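# Descriptive structure summary
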Amino acid sequence: MIRAILQTNTGLDAQLHCIREFMPAIIGAGGIKTRKIEGDHATPAGILPLRRVFYRADRVASPVCHLPVEPLSPLDGWCDDPASPDYNRHVTLPHPARHERLWREDHVYDIVVVLGYNDAPVHSGAGSAIFLHLPPKGGRPTEGCIALPEPELRRLLAAGLAEIEVRPPV
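Keep in mind that what you see is a predicted model, and the values were worked out from it rather than measured. (Residues numbered from 1 in each chain as written. Predicted model: local features only at pLDDT ≥ 70, side-chain atom pairs only at ≥ 80, totals over all residues. Heavy atoms only, no water.)

In terms of burial, strand β11 (residues 111-115) is largely enclosed, as five of its five residues are buried. Alternating positions in β11 separate into two faces, Ile 111, Val 113 and Leu 115 on one and Val 112 and Val 114 on the other, with burial throughout. By the bridge criterion, five bridges tie strand β6 (residues 46-55) to β11 in an arrangement that is antiparallel. Looking at β11, one finds that Arg 52 is bridged to Val 114. (Buried < 20%, exposed > 50% of the residue type's maximum accessible area, 1.4 Å probe, protein only. Helix = DSSP H or I, 4+ residues; strand = E, 2+ residues; numbered from the N terminus. Pairing = 2+ DSSP bridges.)

As structure tokens, this is what we get:
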């Protein structure tokens, strides 16, 4: 099992430390918070296990890793509606509650790793859809996820990355 440590000193200058390397990472526009709430654009502090990987088979090759890997379809979504019983869960579209589409026009979710946050058990309003994915265009912050360039993400998955410890600023 490989654990990476994600930390920041001044807000959004995040670095992922793993396999004796430091890699720049992109985090949420709200920085790192120990008490995340839905919509705050913060990356949650804590130990986030990697649960499974989705990828766009029409765009990229399947990642090599120890996790379950599944190609995305246009019907894949993630419920981010705190009032729904499906909150913070993978859903099939169309879905009656508010949700995020995983099949995107941009390339952010060409490889998307589900991180174990607020999922065992799920607490309504405590944050949803926390993923490890590819960087937004122009290096913009995420909405609370962690983003790494594709070569680094693939390398860490192949090396056996199992969890990310997200440390709040000191």
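Within the secondary structure, Leu 12 sits in the loop between β1 (2-7) and β2 (15-18). Discounting residues that sit within four places of it in the chain, Leu 12 has contacts with Ala 25, Ile 27, Gly 28, Ala 29, Gly 31 and Pro 141. (Contact = heavy atoms within 4.5 Å.)

With that settled, consider the packing of aromatic side chains. One pass over the full model with this rule turns up two aromatic pairs. Plain terms: the ring middles of Trp 78 and Phe 131 are 5.2 Å apart, the flat faces sit at 85° to each other, and that makes the pair edge-to-face. In this pair, Trp 78 is assigned in strand β8 (residues 76-79) and Phe 131 in strand β12 (residues 131-133), connecting sequence segments 53 residues apart. A relative accessible area of 6% places Trp 78 in the buried class. With a relative accessible area of 1%, Phe 131 lands in the buried category. Aromatic pair Tyr 109 and Phe 131: ring centres 5.6 Å apart, planes at 90°, arrangement edge-to-face. One end of the pair, Tyr 109, is in the loop between β10 (99-101) and β11; the other, Phe 131, is in strand β12, with 22 residues separating them in the sequence. You can call Tyr 109 buried: its relative accessible area is 4%. Here the aromatic residues Trp 78, Tyr 109 and Phe 131 are joined through ring pairs into a cluster of three or more. Taking the ring centre of Trp 103 as reference, the NZ or CZ of Arg 56 above it sits at 3.5 Å. (Phe/Tyr/Trp six-rings, centres within 6.5 Å; stacked < 30°, edge-to-face > 60°. Lys NZ or Arg CZ within 6 Å of the ring centre and 35° of its normal.)

Glancing now at the sheet that holds β10. A sheet is described by the order of its strands in space; here three strands give the open sequence β9-β8-β10, paired in antiparallel fashion. Edge positions in the open sheet fall to β9 (90-92) and β10, since each of these has one partner strand only. Going across the sheet, the axis of each strand differs from the next one's by a mean of 40°, ignoring polarity. As paired elements, β8 and β10 share three bridges and run antiparallel to each other. Residue Gly 77 lies in a different strand from β10, and its bridge partner there is Arg 101. (Axes fitted to C-alpha atoms, helices over the stretch in contact; angles between N-to-C directions.)

By the element assignment, Ile 19 lies in the loop between β2 and β3 (21-24). The sequence separation of Ile 19 and Asp 86 amounts to 67 residues, and the corresponding C-alpha distance is 36 Å. Not counting the four nearest positions on each side in its chain, Ile 19 is found in contact with Ile 2, Leu 156 and Ala 159.

Our next topic: helix α1 (residues 150-159). Listed in full, the buried residues belonging to α1 are Leu 153, Leu 156 and Leu 157. In an axial view of α1, the angular spread of the buried residues amounts to 100°, which keeps them on one side of the axis. On the buried face of α1, the contacting elements are β2, β3, β6, β11, β12 and β14 (161-166). Gly 160 sits one or two residues past α1 and shows a positive phi near 105°. (Arc of directions from axis to C-beta.)

In this structure, Leu 6, Leu 132, Ile 146 and Ile 164 are the most contacted members of the largest nonpolar core, which totals 32 residues. Those elements giving two or more residues to this core turn out to be β1, β2, β6, β11, α1 and β14. The contact partners of Ile 164, leaving out residues within four places of it in the chain, are Ala 4, Leu 6, Leu 16, Gly 46, Ile 47, Leu 48, Leu 50, Leu 132 and Ile 146. In terms of nonpolar packing, the next biggest core, distinct from the first, is built from 11 residues, Phe 54, Trp 78, Val 108 and Val 114 among them. (Core = buried A, V, L, I, M, F, W, Y, C linked by side-chain atoms within 4.5 Å.)

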